[in-house]
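Below, each chain spelled out in residue letters.
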Amino acid sequence: MNERHDADFHHGDDDAIDLRDVVSFLRDEWGKLLLGGAVAMLVILGGAALLTGYKASGVIIQVAAKGNPSAGDAFDFVKWKYFQRTLPILAADVVRSGLLQADREVQFNLLSRPEWWDKNVVPHYAFSKNDSKLLAGGGKEFQDAEATRIQYLAVESTGRNGDEANRNLDITIEFIRSGAAYLELKRLVREADATTAKDEADLRQKLISAEVEMDFLRQKTANLEMLRKRFPGNVAGMTGQVLEPKDTAAKYLPLDTQAVAANADIYALEESLRRLRNGQAQNAMIRSFLEQAIPAVERHKDGSSLGDELLAVIVSLRAQVPADDLIRQQALTQLESGIRSILAAFDKGLQTSVEPESRRVAKFPLLAALGFIGGGLAMLIVVLTRRALRRPR
């Protein structure tokens, strides 16, 4: 029995790890472990150098309007949410048009993905939550307005090398400015189309009602003139009370008073009719503009070129309208003002700043350390496996 116990004891000693064995193992195999780590590190660094590219960064800064920082801003919270979803659609339309150069098509394919915008274009607002706490004494309207105002957009783009990353960044910034201007001009044209269509129906209805009322009032004044001739003694006098001419008792007023009231209503209605007809003239002018503007929106996908054509349309229409026709000239001036305001907001209202040099996306020191450790561990497993296979059973 004692012999079996001694055998089991010595068998347990054989399974235990001796520190001297570990030192001996490392002395014999350190070169292999070092070689495995070095090879893995070089492979990972080489792959990272080939597969990872460069990243270029820049910002699009909004220039505050003098006296009113939020007036005429190209971007705010609500507008950016709109652009964040519509700019990818516009980029996809541009790609489908087949008019892009080959070196721009790759970047536009990225711009057509909504998730790319969430990651690579980040708005920075004028106030953060901490700023709002510090300015708690300020007016609520001021805080609400500034909290939604975007100070700048941080934009990033990547490329296989530094030049390509910078070129892609330039393409992205250019597209944000021109694409957003295009979408705003398109919305201006669509809103003008919808507004004039609605206004035309309303104006027509009001004009018909006013003209019917005018016929009634003219007939009424003619009847009053006839009654004055038949009853010349019924002239204006002191009635002792003031009555509304349209009141039921007004028919008992002196005929002169009734005639004056009827003529006053006619003059007021004539002024209303003139305003309604002026509205129709302005609508007709806007419709003439839209006949050329809507096809232009479909032809262009760039804000600058679309804006130039819309302004050219206005210049052409203005040349056909007499200078003293202030009503139609006013309609054209309002359209021109809206177009120029949009173009200015996305041109002079935005400034770009780009970092002087692009940088590598991969973190090479971290990759080298992880590669060396991983390679060493892998070689350790290989060496241990080979020794276990060579050990006699």
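So, how was this worked out
Residues numbered from 1 in each chain as written. Predicted model: local features only at pLDDT ≥ 70, side-chain atom pairs only at ≥ 80, totals over all residues. Heavy atoms only, no water. Helix = DSSP H or I, 4+ residues; strand = E, 2+ residues; numbered from the N terminus. Buried < 20%, exposed > 50% of the residue type's maximum accessible area, 1.4 Å probe, protein only. Contact = heavy atoms within 4.5 Å. Areas by Shrake-Rupley, 256 points an atom, 1.4 Å probe, with all protein chains shown as cover. Expected span 1.5 Å × (residues − 1). Arc of directions from axis to C-beta. Pairing = 2+ DSSP bridges. Polar contact = N/O pair within 3.5 Å; in protein donor to acceptor, adjacent residues only side chain to side chain. Salt bridge = Lys/Arg side-chain N within 4 Å of Asp/Glu carboxyl O. Axes fitted to C-alpha atoms, helices over the stretch in contact; angles between N-to-C directions. Parallel < 35°, antiparallel > 145°, perpendicular 65-115°, else oblique. Left-handed = near helix turned anticlockwise from the far one by under 90°. Nonpolar A, V, L, I, M, F, W, Y, C, P; charged D, E, K, R; others polar. Phe/Tyr/Trp six-rings, centres within 6.5 Å; stacked < 30°, edge-to-face > 60°. Lys NZ or Arg CZ within 6 Å of the ring centre and 35° of its normal. Core = buried A, V, L, I, M, F, W, Y, C linked by side-chain atoms within 4.5 Å. pLDDT = per-residue confidence, 0-100.

Caption draft 1: Summary view of the overall build of the protein chain. Scanning the protein chain for helices and strands turns up 12 helices and five strands. Burial analysis of the protein chain (393 residues in total) assigns 32% to the buried set. The long-range fraction of contacts in the protein chain, counting pairs at least 24 apart against all pairs at least 6 apart in sequence, stands at 78%. For the protein chain, the exposed surface amounts to about 24,900 Å²; the carbon and sulfur share of it is 57%.

Caption draft 2: Helix H10 (residues 303-320), seen in detail. Look at H10: 26 Å from first C-alpha to last across 18 residues, which is about the 26 Å you get at 1.5 Å a residue. Residues Gly303, Leu306, Gly307, Leu310, Leu311, Val313, Ile314 and Leu317 constitute the buried set of H10. All buried residues of H10 project into a common sector of 150 degrees when viewed along the axis, lining one side. Exposed and oriented more than 90 degrees from the buried face of H10 are Val315 and Ala319.

Caption draft 3: Inspection of the pairing of strand E3 (residues 150-159) at higher detail. Across eight bridges, strand E1 (residues 54-62) lies against E3 in antiparallel orientation. Residue pairing for E3: Ser57 is matched across the bridge by Glu156.

Caption draft 4: How the structure looks around the environment of Asp193. Looking at where Asp193 falls in the secondary structure, it is placed in helix H8 (residues 162-230). Along the primary structure Asp193 and Glu291 are separated by 98 residues, whereas in three dimensions their C-alpha atoms are 9.6 Å apart. Apart from residues lying up to four places away in sequence, Asp193 is in contact with Arg287, Leu290 and Ile294. Of note is the side chain of Asp193, whose polar atom sits 2.7 Å from the side chain of Arg287.

Caption draft 5: Main features of the pattern of salt bridges. Tallied over the entire structure, the rule returns 17 salt bridges. Arg275 is paired through a salt bridge with Glu271; the nearest N and O atoms lie 3.4 Å apart. Taken as a pair, Arg275 and Glu271 lie in helix H9 (residues 255-299) at a separation of four residues, close to a single helical turn. For Glu271, a relative accessible area of 38% corresponds to the partly exposed category.

Caption draft 6: Focus on the packing of H8 against helix H11 (residues 326-346). Following both chains from N to C, one finds H8 and H11 inclined at 160 degrees, their axes separated by 9 Å at the closest point. Classed by the angle they form, the pair H8 and H11 counts as roughly antiparallel. Note on packing geometry: the crossing formed by H8 with H11 is right-handed. Packed against H8, whose contacting residues are Arg177, Ala180, Ala181, Glu184, Leu185 and Leu188, the element H11 presents Gly338, Ile339, Ile342, Leu343 and Phe346 at the interface. Tallied by class, the residues present in the contact of H8 with H11 amount to eight nonpolar, one polar and two charged.

Caption draft 7: Molecular detail of the packing of aromatic side chains. Taken as a whole, this structure holds 10 aromatic pairs when the rule is applied. With 5.7 Å between their ring centres and 90 degrees between their planes, Phe75 and Phe83 make a pair best called edge-to-face. Under the relative-accessibility criterion, Phe83 is labelled buried at 0%. Aromatic pair Tyr82 and Phe83: ring centres 5.4 Å apart, planes at 55 degrees, arrangement tilted. When its relative accessible area of 27% is taken as the criterion, Tyr82 is described as partly exposed. The rings of Phe75, Trp80, Tyr82, Phe83, Phe108, Trp116, Trp117, Phe175 and Phe346 are connected pair by pair, giving a single aromatic cluster. Lying across the ring of Tyr82, Arg187 places its NZ or CZ 4.5 Å from the centre.

Caption draft 8: Focus on the nonpolar core. Grouped together as the largest cluster of nonpolar side chains are 56 residues, with contacts concentrated most on Phe75, Phe108, Trp117, Leu153, Phe289, Leu310 and Phe346. Counting nine residues, the second largest nonpolar core, distinct from the first, contains Leu203, Ala210, Leu217 and Leu273.

Caption draft 9: Geometry of the packing of helix H3 (residues 77-97) against H8. At a minimum axis separation of 10 Å, H3 and H8 run at an interaxial angle of 100 degrees. Taken together, the axes of H3 and H8 lie roughly perpendicular to each other. Of the residues in H8, those in contact with Tyr82, Phe83, Thr86, Leu87, Leu90 and Ala91 of H3 are Phe175, Gly179, Ala180, Tyr182, Leu183, Glu184 and Arg187. By residue class, the composition of the contact of H3 with H8 is nine nonpolar, two polar and two charged.

Caption draft 10: Here's a closer look at H3. Compared with an ideal rise of 1.5 Å per residue, which puts 21 residues at 30 Å, H3 spans 30 Å between its outermost C-alpha atoms and is within 8% of the ideal. Those residues of H3 that sit buried are Trp80, Phe83, Gln84, Thr86, Leu87, Pro88, Leu90, Ala91, Ala92, Val94 and Val95. Looking at the buried side of H3, the elements it contacts are helix H4 (102-111), helix H5 (114-120), strand E2 (121-125), E3, H8 and H11. Capping of H3 at its N-terminal end is provided by Asp76; its side-chain oxygen lies 3.2 Å from the backbone amide nitrogen of Val78. In the segment just after H3, Gly98 is the residue with positive phi, at about 75 degrees.

Caption draft 11: Region of interest: the confidence of the model for the protein chain. For the protein chain, mean pLDDT is 78; residues scoring 70 or higher make up 67% of the total. The element-level mean pLDDT for the protein chain is lowest in helix H1 (residues 2-15), coming to 47, with H10 highest at 95. Scored below 50 in pLDDT, residues 237-243 shows five contacts in the model against residues more than four places distant or in partner chains.

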